[in-house]
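Structural characterization, general
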Amino acid sequence: MPYLPTSQAYLEQSALLLEAYPNDTRITTKYNFPSSQKPKPTEESTTPTAPIASLTLKTYNPTSGICLKYRTNKAAEVGRLITSLGKLAGGANVAALGLGNAAAAPVAQAGGDVEMTDAPEEGTGSAPAAKTEGSKGGKGKKKGGKGKR
Amino acid sequence: MAPHLGHEEFFSSLSDLLSKTSQKARGSVFLTQKPLIDTTASSENASSSSRPSILIRATDGNTNAPNPKNNKVEKKTVSKVKLSTIVAPEDLEAFYTRYAEVCKAGMTGLKKRDRKKGKAKAKAAKA
């Protein structure tokens, strides 16, 4: 379950995944508070430190087992993220997301079949992604430019 | 499962759910979006031409909900909140504009942008 470092990377990779599997890819947005709260000392009760919620976006495709995640706790990002999810739901491709990233455009155009290429800093999650790539006859081409951000 | 709600109803229920969760400062809200593929209809002619509608779900993920297999009705347990609505492809933009607004308004537990500013002001007011 790789967490992508930036929302931009997450949205790009999600767009590619949706393009590859438009019919059964789902996006889950989780808004949650930390589950365990330590009992606070009473003297600190004058400044109640409310637990900070976090927002986790997850794009998951059950067929390929690919799962992309992004987590944030900034309220400022919510509006932009949800709007982007709307674009993704409407079938926007990487270029149409308007992320202002020149590197994204060639990825989208690189051949008819969309490959889920290397998400930067994927740990365990890259293994199923790579497997699927092979099984659906992808060219296995590495996009060298992706990791440079 | 409960029938799908209209958009207005969905939004009002969702903002209610989000604000309740934010007030309690615990728990989660799960929002899911996925294309609604009509498997019952003859899929060949219908699916490929136009974009599918999007099914939006919202739930509080309450696992304390009574097991539907049990016939016993336990009054203490709060049942799981489940909301869902269907967005036609042509309504997506309008829907998501509202959706973003509702989420922004409801997710108050996240870090505010002007947190430090507010603190500074409070300090200044005290001094």
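About the thresholds
Residues numbered from 1 in each chain as written. Chains lettered and ligands numbered in written order. Predicted model: local features only at pLDDT ≥ 70, side-chain atom pairs only at ≥ 80, totals over all residues. Heavy atoms only, no water. UniProt positions renumbered as here; feature names shortened; annotations may be inferred. Helix = DSSP H or I, 4+ residues; strand = E, 2+ residues; numbered from the N terminus. Buried < 20%, exposed > 50% of the residue type's maximum accessible area, 1.4 Å probe, protein only. Contact = heavy atoms within 4.5 Å. Areas by Shrake-Rupley, 256 points an atom, 1.4 Å probe, with all protein chains shown as cover. Pairing = 2+ DSSP bridges. Axes fitted to C-alpha atoms, helices over the stretch in contact; angles between N-to-C directions. Phe/Tyr/Trp six-rings, centres within 6.5 Å; stacked < 30°, edge-to-face > 60°. Buried area = accessible area lost by both parts, 1.4 Å probe. Salt bridge = Lys/Arg side-chain N within 4 Å of Asp/Glu carboxyl O. Polar contact = N/O pair within 3.5 Å; in protein donor to acceptor, adjacent residues only side chain to side chain. Nonpolar A, V, L, I, M, F, W, Y, C, P; charged D, E, K, R; others polar.

The name given to chain B in an unreviewed UniProt entry is Signal recognition particle subunit SRP14, with Aspergillus oryzae as the source organism. Per UniProt, the comment on chain B under Sequence similarities (unreviewed entry) is "Belongs to the SRP14 family." UniProt annotates chain B under Function (unreviewed entry) with the comment "Component of the signal recognition particle (SRP) complex, a ribonucleoprotein complex that mediates the cotranslational targeting of secretory and membrane proteins to the endoplasmic reticulum (ER)."

Chain A goes by SRP9 domain-containing protein in an unreviewed UniProt entry, where it is assigned to Aspergillus oryzae.

Across its full length, chain B carries 4 helices and 3 strands. Counting helices and strands in the order they occur from the N terminus, chain B gives α-β-α-β-β-α-α. Per-residue burial for chain B yields a buried fraction of 28% across its 127 residues. Within chain B, contacts between residues separated by at least 24 positions form 68% of all contacts whose residues are at least 6 apart in sequence. About 8900 Å² of surface is accessible on chain B, with carbon and sulfur atoms providing 52% of the total.

Residue and element names in this part refer to chain B. Phi is positive for Ala 25, which is not a glycine, with a value near 60 degrees. If you trace the backbone, Ala 25 turns up in the loop between helix 1 (7-24) and strand 1 (28-36). Residue Ala 25 is classed as buried on the basis of its relative accessible area, which comes to 14%.

So, on to the sheet that holds strand 2 (residues 54-61) of chain A. Read from one edge of the open sheet, 6 strands run 3(A)-2(A)-1(A)-1(B)-2(B)-3(B), paired in antiparallel fashion. This sheet does not close on itself; its edge strands, each paired only once, are strand 3 (66-72) of chain A together with strand 3 (82-87) of chain B. Taken pair by pair, the neighbouring strands of this sheet meet at an average axis angle of 15 degrees, ignoring direction. Across the sheet, helix 1 (residues 7-20) of chain A lies against strand 1 (26-32), strand 2 and strand 3 of chain A, angled at about 155 degrees from strand 3 of chain A, the strand it touches most. Lying on the sheet, helix 1 of chain B is in contact with strand 1 of chain A together with strand 1, strand 2 (53-59) and strand 3 of chain B; it crosses strand 3 of chain B at an angle near 140 degrees.

Summarising the element assignment, Ala75(A) is placed in the loop between strand 3 and helix 2 (78-89). Once the C-alpha coordinates of Ala75(A) and Ser54(A) are considered, the two residues, 21 residues apart in sequence, prove to be 9.0 Å apart.

This part is about the packing of aromatic side chains. By the definition in use, this model includes 10 aromatic pairs over all chains. Ring centres of Tyr31(A) and Phe33(A) lie 5.6 Å apart, and the angle between their planes is 70 degrees; this geometry places the pair in the edge-to-face category. For the pair Tyr31(A) and Phe33(A), one class covers both residues: buried. Each ring, one from Phe10(B) and one from Phe95(B), has its centre 6.1 Å from the other, and the planes form 35 degrees; the classification is tilted. A residue pair is termed long-range when its members are at least 10 positions apart, and Phe10(B) in helix 1 and Phe95(B) in helix 3 (residues 92-106) qualify at 85 residues. The exposure classification of Phe10(B) matches that of Phe95(B), with both residues buried. Among the aromatic residues, those joined into a cluster by ring pairs are Phe10(B), Phe11(B), Phe95(B), Tyr96(B) and Tyr99(B).

Listed by partner, the interface residues are 32 residues for chain B and 31 residues for chain A. For the chain B face of the interface with chain A, the top three residues by lost area are Gln33(B), Leu110(B) and Lys111(B), together amounting to 23%. At the junction of chain B with chain A, the criterion picks out 0 salt bridges. Our count for the contact surface shared by chain B and chain A stands at 10 residue pairs in polar contact (both at pLDDT 80 or more). Looking at the side of chain B that touches chain A, the elements with two or more residues in it are helix 1, strand 1 and helix 3 of chain B. Of all the elements, strand 1 of chain B adds the most residues to the side of chain B that touches chain A, at 8 residues. A per-class count over the side of chain B that touches chain A returns 15 nonpolar, 9 polar and 8 charged. Note that strand 1 of chain A and strand 1 of chain B share 6 bridges and pair antiparallel. Looking at the pairing, Asn32(A) lines up with Ser28(B) of strand 1 of chain B.

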